[in-house]
Each structure stands twice: as C-alpha cells, then as structure tokens.
Amino acid sequence: MKKRVLSGVQPSGDLHIGNYLGALKNWVRMQHDCESIFCIVDLHAITVYQRPEELRAKITELAALFVAAGIDPKVSTIVVQSMVHGHAELAWLLTCVTPVGWLQRMTQYKAKSDSQGTAGDGLLQYPVLMAADILIYQAHVVPVGEDQSQHLELTRDIAQRFNSLYGETFVMPETSLPAVGARVMGLDDPEKKMSKSAAGAGHAIALLDPPEVIRRKIMRATTDSLPAVDFENLGAGVRNLLTIFQAFSDWSDDRMQRHFSGMRYGDLKKQAAEMVASSLDPIQRRYRELMSEPGAVDRILAEGCQRVAPIADATVNLVKQRMGLYTRS
Ligand code: TRP
C-alpha cells in the first residue's frame with residue numbers, strides 16, 4: 001500500500017522560489033510514490049483578517065500554481081480545506097480533548113498573538129485545525145518546514161490522547177523535514193529564511209514575478225564586501241545566490257565550483273537571474289494557460305474534493321461513533 005502524504009499551504013502571500021525549491025519541487029517528484037493530498041488551507045488563512053475577494057482569488061491562484069509547477073491533478077489530489085466540511089467539524093471534536101495549556105505554549109501562537117493586538121480565538125485553535133487536516137485523512141507522512149515541527153508534535157499528542165480516551169482511532173503521522181531541497185534565504189537579508197509574510201519588496205522572488213522584476217531583485221540582493229566568488233570564504237548572500245542557481249540548474253558541486261570560482265558578483269547575479277527567469281518561464285506559461293481556460297481550476301478543485309470527501313466523512317463518522325455522538329449513516 002502506498003503511504004498517504006498530506007501537506008497544507010495557506011492561500012495568503014505570494015508563493016516564492018523558497019517554497020518551490022524547498023517543498024513544491026520535492027512534492028512533484030514524490031507524487032508518484034505516494035498517495036498525495038495537497039490542501040489549500042483557507043480556514044487557516046482567516047485566522048488573521050483577509051479581504052474576501054483577495055482571498056478568493058488567492059485560492060484559485062495557488063491551485064493553478066500547484067498544477068503549473070508540476071502537481072498532476074490526475075495523480076495527486078489538490079483540495080480546498082473549506083470545501084470538505086469535515087475539517088472544521090473534526091477540529092471541534094479534537095478541541096474537546098486538547099488542554100488549552102498545550103495551545104498557549106505554541107511558539108507560533110505566542111509570536112502571532114503578540115503582533116496582533118487582539119488575537120482571535122482562531123489563532124489559538126490554529127494547531128487543532130491543522131491536526132484535523134492531517135488526522136482526517138489518516139495521513140502517514142506530513143512534509144513540512146522546520147517551523148511546523150511543533151505543530152506536528154501537538155498533532156501526535158492530540159491523536160494519542162484521543163486514542164487513549166476513546167480507543168485506537170487515528171494513524172500517528174510522521175513529520176518529514178526536507179532532506180533534499182534547498183533552504184533559500186531572503187535576498188535582502190540572507191540570514192533569514194525566505195518568507196511569504198516578510199515585508200520588503202526585495203525579499204522574495206514570487207513564482208509569478210516577471211523576468212525584469214526577477215532581474216531587478218537579484219541585482220539588488222545583499223552580498224558582502226569581497227569582489228568575487230571565493231568558495232573558501234562564502235558570505236551568506238553569495239552562498240544564497242549559488243544555492244538558488246544550483247537548485248534550479250541541478251548542477252553538481254564540482255561544476256558549480258569550476259564555473260563560479262573567481263566570478264565577479266555582478267556576473268554571478270546576472271547568471272542567477274537568467275537561470276531563475278528561464279526556469280520559471282514554463283511554470284508561468286502553464287499558469288497563464290490554465291487561468292485563461294474558463295472553469296479549469298474550479299473543475300480540478302471540485303474533483304479533488306470529490307475524491308477525498310469520502311475519506312474525510314468516514315473518519316468523522318468513526319470519531320463521532322467513538323465519542324457516543326449521533327451520525328447520519
Ligand atoms: N501551518 C502550516 C503552515 O503555515 C499550514 C498547514 C495547515 C499545514 N494545515 C496543514 C501543513 C496540514 C501541513 C499539514 O505552513
């Protein structure tokens with residue numbers, strides 16, 4: 001039996017080359033070996049205020065970008081969280097077995113609620129909803145970035161607590177941190193991981209950035225005071241540009257060293273910009289094609305929902321039975 005793999009991405013901010021090289025590219029490669037579900041987690045996005053029409057557009061955009069980047073909707077499932085009712089329902093059922101102290105301790109909650117003034121209860125409940133996303137499909141493996149490890153541990157704690165209170169119900173999901181795949185840093189600040197929510201215009205390269213924007217951002221990227229690439233003495237900014245180039249080109253370390261040793265930073269930047277622009281070009285073309293076909297993305301999402309809704313319903317029914325609640329069937 002193929003392992004079931006699930007991951008989630010929020011439809012807020014712009015998907016960037018860090019998301020692509022660190023996660024999406026691996027998912028594309030893995031999709032044939034596993035049963036993959038990619039969830040667009042719009043219910044998570046609304047834990048902070050989103051303009052409705054923008055959120056709606058972002059959901060479509062993200063789905064189209066998944067497909068354009070190589071997720072094959074015939075092989076993998078792309079699903080919008082809010083379209084499968086069980087996510088929200090299971091989240092409530094799990095809330096009732098989750099001590100509030102576990103949630104208050106989460107580092108992401110503490111960081112976000114500090115910066116929010118008044119934090120909605122959704123922000124506190126965020127990890128329970130995430131646990132529901134994973135447990136509802138009885139996923140075996142959850143590929144995420146390091147920053148989500150704590151949420152995955154909590155997911156297992158919640159599953160364990162439910163299982164011990166009500167009997168074996170949930171599969172214990174494993175965290176899978178990217179073993180391969182590049183860790184791309186911000187262009188403006190190469191000490192920080194490239195982030196969807198960071199402010200600066202020169203921070204990230206979005207997958208949909210036009211070539212001239214890509215060039216401008218890379219030419220302005222922070223480097224250091226040396227004149228040329230020295231592999232014995234790589235500053236964080238130069239290393240980041242090399243990482244980006246290598247991840248897109250799939251060149252070996254050897255070839256990278258031979259080609260870039262002693263190259264002036266200006267030339268490295270030009271070549272990195274060309275590599276990124278030419279690699280994103282086919283993705284952007286497929287994206288535009290898909291978006292210009294009326295109803296194409298909506299059809300993919302309706303299909304995805306249809307494919308996984310029975311799994312979700314079965315889990316919710318089982319959980320309700322275990323808890324002594326009524327079910328329809
Ligand atoms: N919290 C994740 C993030 O911000 C998104 C997410 C929601 C998720 N549900 C998930 C990731 C389920 C993996 C599995 O990146």
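Only a predicted model underlies this, so the values are computations on that prediction, with no experimental measurement involved.

(A) Region of interest: the nonpolar core. In terms of nonpolar packing, the biggest core is built from 61 residues, with Ile17, Leu24, Phe66, Ile218, Phe248, Val276 and Leu280 touching the most fellow members. The element that contributes the greatest number of residues to this core is helix H12 (residues 265–292), accounting for 11 residues. Looking at which domains feed residues into this core, each of domain 1 (4–177 + 294–323) and domain 2 (211–290) gives three or more. Other than its neighbours up to four places away in sequence, Ile17 contacts Gly22, Val184, Met194, Ile205, Leu207, Ile244, Phe248, Val276 and Leu280. By size, the runner-up hydrophobic cluster in this structure holds 37 residues, among which are Leu124, Met130, Phe162 and Phe170.

(B) Inspection of helix H13 (residues 296–323) at higher detail. Counted at 1.5 Å a residue, the expected span for H13 with its 28 residues is 40 Å, and the 40 Å between its end C-alpha atoms agrees. Along its length, H13 reaches its greatest deviation from straightness, about 40°, at Val308, and the proline Pro310 lies no more than four positions downstream. Immediately downstream of H13, the backbone of Gly324 shows phi near 85°, a positive value.

(C) View of the pattern of salt bridges. Inspection of every chain in the model, using the stated rule, returns 13 salt bridges. Residue Asp281 is joined to Arg285 by a salt bridge in which the shortest nitrogen-to-oxygen separation is 3.0 Å. One end of the pair, Asp281, and the other, Arg285, are both in helix H12, four residues apart, so they sit about a helical turn from each other. For Arg285, a relative accessible area of 48% corresponds to the partly exposed category. Connected through shared salt-bridge partners, Asp14, Lys58 and Glu61 make up one network.

(D) Expanded view of the packing of aromatic side chains. Tallying each qualifying case throughout the model produces nine aromatic pairs. Between Tyr20 and Phe248, the ring centres sit 6.0 Å apart and the planes meet at 15°, which makes this aromatic pair stacked. Here Tyr20, found in helix H1 (residues 17–30), pairs with Phe248, found in helix H10 (residues 236–249); they are 228 residues apart in sequence, far enough to count as distant. There is no split in this pair, since Tyr20 and Phe248 are both buried.

(E) Inspection of the site of the ligand at higher detail. Not every one of the 13 residues close to the ligand is listed here, only the nearest: Gly8, Tyr126, Met130, Asp133 and Gln148. At 2.7 Å, a side-chain N or O of Asp133 approaches a nitrogen atom of the ligand. Take Gln148: an N or O atom from its side chain is 2.9 Å from a nitrogen atom of the ligand. Protein chains bury 89% of the 370 Å² of accessible surface belonging to the ligand in isolation. Going through the elements one at a time, strand S1 (4–9) and helix H7 (121–135) are the ones with two or more residues in the shell around the ligand. Ranked by the residues each element gives to the shell around the ligand, the list is headed by H7, at four residues. The residue makeup of the shell around the ligand, split by class, is seven nonpolar, five polar and one charged.

(F) Region of the structure containing the packing of helix H9 (residues 211–219) against H12. Direction vectors running N to C along H9 and H12 enclose 150°, while the axes themselves pass 9 Å from each other. As summarised for this structure, H9 and H12 are arranged roughly antiparallel, according to the angle between their axes. Taken as a pair, H9 and H12 cross one another with a handedness that is right-handed. Counting all contacts with H9, which are made through Pro211, Ile214, Arg215, Ile218 and Met219, the residues of H12 involved are Gly266, Lys269, Lys270, Ala272, Ala273, Glu274, Val276, Ala277 and Leu280. Tallied by class, the residues present in the contact of H9 with H12 amount to nine nonpolar, one polar and four charged.

(G) Inspection of the packing of helix H3 (residues 52–68) against H13 at higher detail. Remark: H3 packs on H13, axes separated minimally by 10 Å, with the N-to-C direction vectors making an angle of 85°. When the axes of H3 and H13 are compared, the pair comes out roughly perpendicular. In contact with Thr60, Ala63, Ala64 and Val67 of H3, H13 contributes Val297, Ile300 and Leu301. Of the residues belonging to the contact of H3 with H13, the class tally is six nonpolar, one polar and no charged.

(H) Structural view of the environment of Gly324. Structurally, Gly324 is set in the segment after H13. Taking the C-alpha atoms as reference, Gly324 lies 40 Å from Ile71; in sequence the two are 253 residues apart.

(I) Main features of the side chain of Thr77. As for its position among the elements, Thr77 is in strand S3 (residues 77–80). Residue contacts for Thr77: discarding those within four places in its chain leaves Ser36, Ile37, Phe38, Gly304, Arg307 and Val308.

(J) Quick look at the pairing of S3. Neither face of S3 is exposed, since Thr77 and Val79 on one face and Ile78 and Val80 on the opposite face are all buried. As paired elements, strand S2 (residues 35–40) and S3 share four bridges and run parallel to each other. Counted as the bridge partner of Ile37 is Thr77 from S3.

Criteria and cut-off values
- Residues numbered from 1 in each chain as written.
- Predicted model: local features only at pLDDT ≥ 70, side-chain atom pairs only at ≥ 80, totals over all residues.
- Heavy atoms only, no water.
- Core = buried A, V, L, I, M, F, W, Y, C linked by side-chain atoms within 4.5 Å.
- Buried < 20%, exposed > 50% of the residue type's maximum accessible area, 1.4 Å probe, protein only.
- Helix = DSSP H or I, 4+ residues; strand = E, 2+ residues; numbered from the N terminus.
- Domains from an automatic or database assignment.
- Contact = heavy atoms within 4.5 Å.
- Expected span 1.5 Å × (residues − 1).
- Bend = angle between axes of the 7 residues up to and from the residue.
- Salt bridge = Lys/Arg side-chain N within 4 Å of Asp/Glu carboxyl O.
- Phe/Tyr/Trp six-rings, centres within 6.5 Å; stacked < 30°, edge-to-face > 60°.
- Near = heavy atom within 4 Å.
- Polar contact = N/O pair within 3.5 Å; in protein donor to acceptor, adjacent residues only side chain to side chain.
- Areas by Shrake-Rupley, 256 points an atom, 1.4 Å probe, with all protein chains shown as cover.
- Nonpolar A, V, L, I, M, F, W, Y, C, P; charged D, E, K, R; others polar.
- Axes fitted to C-alpha atoms, helices over the stretch in contact; angles between N-to-C directions.
- Parallel < 35°, antiparallel > 145°, perpendicular 65-115°, else oblique.
- Left-handed = near helix turned anticlockwise from the far one by under 90°.
- Pairing = 2+ DSSP bridges.

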